[in-house]
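Residues per chain, in single letters:
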Amino acid sequence: MNAVSIKNMSKSIKSKIILNDFNLELELSQVYGLIGENGAGKTTLIRCIAGLLKPTMGSVQVFGEHSYNMSDNVKNDIAVVFDSPLFINGMDSMDNLRYFCVPYGVKKEDVERKFSVLSKELDLDVNNQKVGTFSWGMKQKLSIIRGLIIEPKLFILDEPFSGLDPGSKYTLTKVLNDYARNGDRIILISSHDLENIQEVAQKYIFIKAGELAAFGALDDLISDDEKNLVYRLTVSKGQIEDVLEKLKTLEHLSIIKVEDTVCTVRYAGSLFQSLAEMQLPLEEIQLVRRQLGDLFRKEV
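Computed from a predicted model, the values in this text were never measured in an experiment. (Residues numbered from 1 in each chain as written. Predicted model: local features only at pLDDT ≥ 70, side-chain atom pairs only at ≥ 80, totals over all residues. Heavy atoms only, no water.)

**As for helix α5 (residues 136–150)**
With 15 residues, α5 should cover 21 Å at 1.5 Å per step; its first-to-last C-alpha distance of 22 Å lies within 8% of that length. Most of α5 is tucked away, with 13 of its 15 residues classed as buried. E151 sits one or two positions beyond α5 and adopts a positive phi of about 55°. (Helix = DSSP H or I, 4+ residues; strand = E, 2+ residues; numbered from the N terminus. Expected span 1.5 Å × (residues − 1). Buried < 20%, exposed > 50% of the residue type's maximum accessible area, 1.4 Å probe, protein only.)

**What about the sheet that holds strand β12 (residues 253–259)?**
What the four strands build is an open sheet, ordered β12-β13-β11-β14; its pairing is antiparallel. A strand with exactly one partner marks an edge of an open sheet, and here the two such strands are β12 and β14 (282–288). Taken pair by pair, the neighbouring strands of this sheet meet at an average axis angle of 20°, ignoring direction. Bridge count for strand β11 (residues 229–235) against β14 is six bridges, and the pairing is antiparallel. When the sheet's bridge partners are listed, T234 is paired in β14 with E284. Sheet strands in contact with helix α11 (residues 271–278) are β11, β12, β13 (262–267) and β14, and its direction is about 30° off that of β11. (Pairing = 2+ DSSP bridges. Axes fitted to C-alpha atoms, helices over the stretch in contact; angles between N-to-C directions. Contact = heavy atoms within 4.5 Å.)

**Notes on the side chain of S119**
Tracing the chain through its elements places S119 in helix α4 (residues 108–121). Separated by 3.3 Å, the side chain of S119 and the backbone oxygen of S116 make a polar contact. When sequence neighbours within four positions are dropped, the list of residues in contact with S119 reads L124 and I145. (Polar contact = N/O pair within 3.5 Å; in protein donor to acceptor, adjacent residues only side chain to side chain.)

**Considering the nonpolar core**
F115, I149, F155, I187 and I189 are the most contacted members of the largest nonpolar core, which has 43 residues in total. Tallying contributions element by element places α5 first for this core, with six residues. Sequence-distant contacts of F155, defined by excluding residues within four places in its chain, comprise A79, V81, I144, G147, L148, L176, Y179, I186, I187 and L188. The next biggest cluster of nonpolar side chains, apart from the first, holds 28 residues, and it includes L24, L26, F63 and I78. (Core = buried A, V, L, I, M, F, W, Y, C linked by side-chain atoms within 4.5 Å.)

**Section: the environment of D220**
Locating D220 in the fold gives a position in helix α8 (residues 218–221). With relative accessibility at 59%, the residue D220 sits in the exposed group. When the C-alpha atoms of D220 and K203 are compared, they prove to be 9.4 Å apart, with 17 residues separating the residues in sequence.

**Quick word on the pairing of β12**
Residues in a regular strand point their side chains to alternate faces of the sheet. Examined bridge by bridge, β12 and β13 share six bridges and lie antiparallel to one another. Each residue of the ladder has a partner; that of I255, found in β13, is V265. The hairpin turn running from β12 into β13, its antiparallel successor, is two residues long, and D260 in that turn takes a positive phi close to 55°.

**Notes on the pattern of salt bridges**
With the rule as written, the count across this model stands at nine salt bridges. Between D110 and R113 there is a salt bridge whose closest N-O contact spans 3.4 Å. Remark: R113 and D110 occur in helix α4; sequence separation between them is three residues, near one turn of the helix. A relative accessible area of 48% places R113 in the partly exposed class. A salt bridge links D178 to K174; its shortest N-O distance comes to 3.2 Å. Here D178 and its partner K174 are both found in helix α6 (residues 166–181), four residues apart, which amounts to about one turn of the helix. Overall, the relative accessible area of 33% leaves D178 in the partly exposed class. (Salt bridge = Lys/Arg side-chain N within 4 Å of Asp/Glu carboxyl O.)

**Quick word on helix α1 (residues 42–49)**
An α-helical turn contains 3.6 residues, so a residue and the one three or four places further along point in the same direction. By the criterion of burial, α1 is predominantly enclosed, with six of the eight residues buried. Here α1 has its buried residues at K42, T44, L45, I46, C48 and I49. A positive backbone phi angle near 85° is found at G51, which sits one or two residues after α1.

**Topic: unusual backbone geometry**
A positive phi is found at K14, a non-glycine position, where the angle reads about 55°. In this fold, K14 is placed in the loop between β1 (4–13) and β2 (16–26). For K14, a relative accessible area of 83% puts it in the exposed group. One non-glycine residue, Q279, lies in positive phi territory at about 55°.

**Topic: the sheet that holds strand β10 (residues 211–216)**
Taken in spatial order, the six strands make up an open sheet running β6-β7-β8-β3-β9-β10, and their pairing is mixed. This sheet does not close on itself; its edge strands, each paired only once, are β6 (78–81) and β10. Here the average twist between neighbouring strands, direction ignored, is 15°. Note that strand β3 (residues 30–35) and strand β9 (residues 203–208) share four bridges and pair parallel. Looking at the pairing, L34 lines up with I205 of β9. Packing against the sheet, α6 makes contact with β3, β7 (154–158) and β8 (186–190), and its axis sits at approximately 150° to β8.

Structure below.
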C-alpha cells in the first residue's frame, strides 16, 4: 500500500479548475520535492492530501483512508508546516508546543525534551519570549519543531526555507535528512528554493497549470543527451586555444561554453582518464553537478 494514492483527482474552487485529472503514488521512506510556479496548484494539492480540501472529482487516500474523511489515528500521523506559521502570540514557545502537541498524544515531558534538542539543532534560542515577538524565521523554526515533535509518518512542509538565513537552511536540510532516514516516513516539501530542496529530496513532482508535468528522480527526468556528465576545465593562461583544438578530437565530447580560461564540456563517461592521457595544461577539473533548476526551467 502506498502512503499517498491520488487517482483521477480534480479540484475546482469557484468554478476555476485548480488541479486537473491528477494521478500520483507516493511511497514511504522517501522525500519528495513539490515544484511549480506560483498558482500552479501546489498548495491546493497539499491541502487535499492533508484533508483540508475535498476533491471535486476522483480520490485522495492517505494510509488507506480517504483524506477528507480520515480517522483520528491517521490524522495523528500527519503534520503540516504551512508558509504562514500559526501560534498563540501571547504564549511562549513551550506553552504553544504543549498546547498543539499534547492532543497528538505526545506527553508534556516528551515535548520539553524534544524541544530542548531540536531548538539547539535549529539554533532557536528564545527562553521565555512570547511568540508574538518572534521574527518570521523564528516562527518558521518553531513550526518545523512542532511538526518534528509529533514524529509524523507523513510530514508536509510548504516553503519551509522561507525566512531562514543560509546557515539555518543548511541545518534544516540536515535535520530533515536525518528524520527521513529514521523509520518508515514520508516527507513532502513544496519550495521555490531549488538549491536547498535538492539537498534533501529524492524524487520530484513538477506541477504546471494544475497538471502533473513530470514525476521521478532527477536522473530519470533528464534526457539521454543531458545525462552525459558536465565538466568545468580551468586552463593554464594562454593555452585555451590549443586545449580547445585537442578537446575537439575526443569522440562524444561537446563544448558547451568558453569563458576566458574556463571551458565547460559535456562528455559521455569519465573525462579524467582521457585528459590525463592527453597531458593538457589544466589547473583544475571540476565535475559539475546536475542542477534541479535547469530541469525546472524545462518543465515549466
